[in-house]
Amino acid sequence: LDTTADSDRMLQALEAKFQDAVLPYHVLKRDYPAFREDHWKTTVSLVYNGTGWTVASIESGDRTGSNFGLAVDLGSTTVVMALLDLNTGDILGEESVFNQQIAYGEDILSRIFHTQSGEQERRQLAEATFRSLQELMDRLTERTGIRASSCPVMVIAGNTTMVHFLLGIDAFGIFMSPFAPVFNRTGLISGSELGLDL
């Protein structure tokens, strides 16, 4: 009898090509039923986290033909999202909305001053961004018939201040000399950490 745990079996199978792949708890908790649904035949989506590979999703059966991702341009006025076929690079759908942060200031400087009131105001800007992203995901799901929340990866690009707002981090240092941000790279962040249905 092979008493190897399902997750260990998967990680051992990945080891030859993706050494030291990491399986986060939230992915294991969400996806573990997939291990046994098709007798341990699974499709695993991995994301490079800057130093190694992180398991983003585990699906039952061969799902390699359905490999989708989201790309976002997080602008101060407009947010644009595309749903892509990661196997071909084709854009399957694209949508845009006004950034809901506008409610807290039409320009970035107004928003920076708004967030100086405290953590609650920083959270307001982050939540406004998440609402914009969720609206785009809903629109793309309707437009393409592909559930955007099932995509294992979303890449978000924006200027330094917009990314600080997205993560609820004080951006005032960018405005004041020596104009230094809190960070330049976010690395891999799970959708659940941000409160996104992803």
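Note: the structure precedes this text.
A quick note: this is a predicted structure, and the numbers were derived from the prediction, not measured.

Quick notes on the overall build of the protein
Point 1. The secondary structure content of the protein amounts to eight helices and six strands.
Point 2. The secondary structure elements of the protein, listed N-terminal to C-terminal, are α-α-α-β-β-β-β-β-α-α-β-α-α-α.
Point 3. Structurally, the protein occupies a C-alpha span of about 65 × 35 × 25 Å along its principal axes.
Point 4. By residue count, 38% of the 198 residues in the protein fall in the buried class.
Point 5. Residue pairs in contact within the protein that sit at least 24 positions apart in sequence constitute 53% of those at least 6 positions apart.
Point 6. Total accessible area on the protein is roughly 11,300 Å²; 50% of this is exposed by carbon and sulfur atoms.

A word on the nonpolar core
Point 1. One finds L70, V79, M81, L83, L133 and M154 to be the most contacted residues of the largest nonpolar core, which totals 27 residues.
Point 2. Broken down by secondary-structure element, the contributors of at least two residues to this core are strand 3 (68-74), strand 4 (78-85), helix 5 (119-144) and helix 6 (160-166).
Point 3. Tallying contributions element by element places helix 5 first for this core, with seven residues.
Point 4. Ignoring sequence-local partners within four residues, the contact set of V79 consists of V72, D73, L74, E95, S96, V97, N99, S132, L133 and L136.
Point 5. The next biggest cluster of nonpolar side chains, apart from the first, holds 10 residues, and it includes M10, L14, V27 and V55.

Concerning the environment of S96
Point 1. Looking at the element boundaries, S96 is found in strand 5 (residues 91-98).
Point 2. Accessibility expressed as a relative area gives 39% for S96, which makes it partly exposed.
Point 3. Dropping the residues within four chain positions of it, S96 is found in contact with T78, V79, V80, L136 and R139.

Some words on the pattern of salt bridges
Point 1. Inspection of every chain in the model, using the stated rule, returns eight salt bridges.
Point 2. Measuring nitrogen to oxygen at the nearest pair gives 3.8 Å for the salt bridge that ties D2 to R9.
Point 3. A salt bridge links E95 to R139; its shortest N-O distance comes to 3.7 Å. Taken as a pair, E95 in strand 5 and R139 in helix 5 lie far apart in primary sequence, 44 residues in all.
Point 4. Look at E95 and you get buried, because its relative accessible area is 18%.
Point 5. Owing to a relative accessible area of 33%, R139 belongs among the partly exposed residues under this scheme.
Point 6. Each of the salt bridges in this network shares a partner with another, and the network as a whole consists of E95, E135, R139 and R143.

Describing helix 1 (residues 6-15)
Point 1. For helix 1, the full list of buried residues reads D6, S7, M10 and L14. Burial along helix 1 is one-sided: seen end-on, the buried residues are contained in an arc of 100 degrees.

Observations regarding the environment of H39
Point 1. Relative to the assigned elements, H39 resides in the loop between helix 3 (34-37) and strand 1 (42-48).
Point 2. According to the relative accessible area criterion, H39 is exposed, its value standing at 61%.
Point 3. As a C-alpha pair, H39 and S60 span 21 residues in sequence and 8.8 Å in three-dimensional space.

Observations regarding the pairing of strand 5
Point 1. Pairing between strand 4 and strand 5: seven bridges, direction antiparallel. Bridge pairing links V80 to S96 in strand 5.
Point 2. Counting the residues in the hairpin turn of strand 4 and strand 5 gives five residues, including G89, whose phi is positive at 85 degrees.

Concerning the packing of helix 4 (residues 108-115) against helix 5
Point 1. For the pair helix 4 and helix 5, interaxial distance at closest approach is 7 Å and the crossing angle is 140 degrees. As the angle between them shows, helix 4 and helix 5 are arranged oblique. Only E121, R122, Q124 and L125 of helix 5 make contact with helix 4, whose side of the interface consists of R111, H114 and T115.
Point 2. Residues of the contact of helix 4 with helix 5, tallied by class, amount to one nonpolar, three polar and three charged.

Procedures and definitions
Residues numbered from 1 in each chain as written. Predicted model: local features only at pLDDT ≥ 70, side-chain atom pairs only at ≥ 80, totals over all residues. Heavy atoms only, no water. Helix = DSSP H or I, 4+ residues; strand = E, 2+ residues; numbered from the N terminus. Buried < 20%, exposed > 50% of the residue type's maximum accessible area, 1.4 Å probe, protein only. Contact = heavy atoms within 4.5 Å. Areas by Shrake-Rupley, 256 points an atom, 1.4 Å probe, with all protein chains shown as cover. Core = buried A, V, L, I, M, F, W, Y, C linked by side-chain atoms within 4.5 Å. Salt bridge = Lys/Arg side-chain N within 4 Å of Asp/Glu carboxyl O. Arc of directions from axis to C-beta. Pairing = 2+ DSSP bridges. Axes fitted to C-alpha atoms, helices over the stretch in contact; angles between N-to-C directions. Parallel < 35°, antiparallel > 145°, perpendicular 65-115°, else oblique. Nonpolar A, V, L, I, M, F, W, Y, C, P; charged D, E, K, R; others polar.

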